[in-house]
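Close look at the chain arrangement
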Amino acid sequence: MSKAIQNILDHYPAAVFRNRKEHILEKGGDKKEITANTRTVPGIITSRGCCYAGCKGVVLGPLQDVCVIVHGPVGCSYYAWGTRRNKAKGRNGKNFVQYCFTTDMQESDIVFGGVKKLAQAIDEAVELFHPPAVMIASTCPVGLIGDDIHAVAAAAEKKHGINVTAFSCEGYKGVSQSGGHHIANNGLITKVIGKGDMKVEEGKFRINILGEYNIGGDGWEIGRILKKIGYEIISVMTGDGAYEELINAHAANLNVVQCHRSINYIGEMMHTKYGADWLKINFIGVDHTIKSLRDMAKYFNDPSLTARTEEVIAQEVEEVQEDIEKYRKILNGKKAVLYVGGSRAHHYQNLLKSLGVTTVMAGYEFAHRDDYEGREVIPSIKEDADSKNIQELKIAPDPEKFKMRLSKEEYEKLSKEIPLNYYAGMIKDMPDGSIVIDDLNHIETEEFIKMLKVDILFSGIKDKFVAQKSGVLSRQLHSYDYGGPYAGFRGAVNFARDVSMGITTPTWGYTTPPWRKEPAITAEFAVAAGGAK
């Protein structure tokens, strides 16, 4: 165990020490396995979200043409509204991303039940907005009182003749927002994907982009590059995504997966149900964008597509090369910490490395062990009671729409060359000596920043001001503050520019918290030593 890790753990009482030491390791050290996807120690200030946040806030929220009604108190709706900067342009005059739909449950609804109020909310949403689909996301009180949102959804679907899907994503399910991702994936695969009539066509470069949420316009920039090469994007799950596109997702020839943790379930289930392979890609950073584009071209194995891929790569690299080099001179030698959800803590390490920035520590809020160590460890992960709260669907091949895209021989050959239906995890790409940490908390953030002499922390809003109060720049990678897009070639320049501006701003050196200027508490003895009052 490294000295830095030992110093952190020494802050804790024995029980917390035993827990937290399993969530931290040094790459290249004796410890090879990390504990993840377990409950946070009570009392520790975690940066995790809840199950509802993962379902509604992450996966369902970016769908532009769906009315996502939150069945619960208004505070839950407000929490998941407009915080992720999921951009959407809207199609066919329908863009509901900026709206906040809620049943606004009151005390009387908790006592007497809220199903009538939910049914009325669906009626009003359909009458006012005429959406092609309505989705219901439940919060904690609903699960506690037992409102049957699925029965309400079934009745509303029959009444209005549109798709109405309910998601029992009460916040207390699972250990973090990861449980909500899984629940959202289950609902989409059973009630939405495959309901369209588009046919699979050979020779088409049709893809779905999975786990891309269009933060700051990332999805648009990725789409621009892929369309320039010649790909047809059937659907995006779910940034700037649409119900009318998701229903035809089964017709894609390949699924490309950006955020592994939030959407790998659909990748696997679509592989089983429709025969479509999934490919782990990373469009963050110039080098990995190039690799991802070449891996996609290898999958389709078409000379014209391969040639066009190389043409576009050459054009895009030429456009950004000078700017990247300019910002590299500013950032070279800096040290960073990445603590983000999804696959971002992995993806951004390569981009930072290309700018001369060393990632000294990285971790995830809600990852499972396979996000760290690779999917080969999945059989050895022990299922606990929290995991059993989330339904594991039994998927079978669709009798009409299943179609294998590759022969067994082609699949075996190709899987040795590209990450086909596989994710290697974050740790393998990290340099020896760096620290890997799961479910980082506030005290650990403060102490590691000091010990590792970090120049910048990339995390979320809950950690941002912990760093900045310490005089260290922090940039949000959950919502990009007010920047972006950061994906693709042009996105790499945007990222480098924003970080360079932040790192060269002298503000952080002027930050002195008041408790360093004067004591927070002053006192004097009421009784002198050995004397009387």
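The preceding data block contains the structure.
Now for a quick tour of the structure.

Attention now moves to the packing of aromatic side chains. Aromatic rings considered in pairs are described by the distance between their centres and by the relative angle of their planes. In the structure shown here, the tally under the stated rule is 16 aromatic pairs. On the basis of an interplanar angle of 35 degrees and a centroid distance of 4.4 Å, the ring pair of Tyr480 and Tyr486 is categorised as tilted. Residue classification places Tyr480 among the buried positions, given a relative accessible area of 0%. Ring-pair connections join several aromatic residues into one group, and the members of that group are Tyr348, Phe458, Tyr480, Tyr486 and Phe495. Directly above the aromatic system of Trp220 lies the positively charged group of Lys89, at a separation of 4.6 Å from the ring centroid. The ring of Tyr423 has Lys280 lying over it, and the distance from NZ or CZ to the ring centre is 5.1 Å.

As a further point, take the side chain of Gln177. Assignment of secondary structure puts Gln177 in the loop between strand 5 (163-167) and helix 9 (178-191). Separated by 3.1 Å, the side chains of Gln177 and Glu365 make a polar contact. When near neighbours in sequence (up to four residues on either side) are disregarded, Gln177 contacts Arg48, Gly49, Cys50, Cys51, Ala53, Gly54, Glu365 and Phe366.

The next thing to look at is the sheet that holds strand 9 (residues 277-280). Ordered by their spatial adjacency, four strands build an open sheet running 7-6-8-9, and the pairing between neighbours is parallel. The open sheet terminates on both sides in strands that have one partner only, identified here as strand 7 (232-238) and strand 9. When the angles between neighbouring strand axes are averaged without regard to direction, this sheet yields 25 degrees. Judged from the four bridges that link them, strand 6 (residues 206-212) and strand 8 (residues 254-257) form a sheet pairing that is parallel. In the strand pairing of strand 8, Leu210 is matched with Val257. Packed on one face of the sheet, helix 10 (residues 218-229) meets strand 6 and strand 7 and runs near 160 degrees to strand 6.

The rules we used
- Residues numbered from 1 in each chain as written.
- Predicted model: local features only at pLDDT ≥ 70, side-chain atom pairs only at ≥ 80, totals over all residues.
- Heavy atoms only, no water.
- Phe/Tyr/Trp six-rings, centres within 6.5 Å; stacked < 30°, edge-to-face > 60°.
- Buried < 20%, exposed > 50% of the residue type's maximum accessible area, 1.4 Å probe, protein only.
- Lys NZ or Arg CZ within 6 Å of the ring centre and 35° of its normal.
- Helix = DSSP H or I, 4+ residues; strand = E, 2+ residues; numbered from the N terminus.
- Polar contact = N/O pair within 3.5 Å; in protein donor to acceptor, adjacent residues only side chain to side chain.
- Contact = heavy atoms within 4.5 Å.
- Pairing = 2+ DSSP bridges.
- Axes fitted to C-alpha atoms, helices over the stretch in contact; angles between N-to-C directions.

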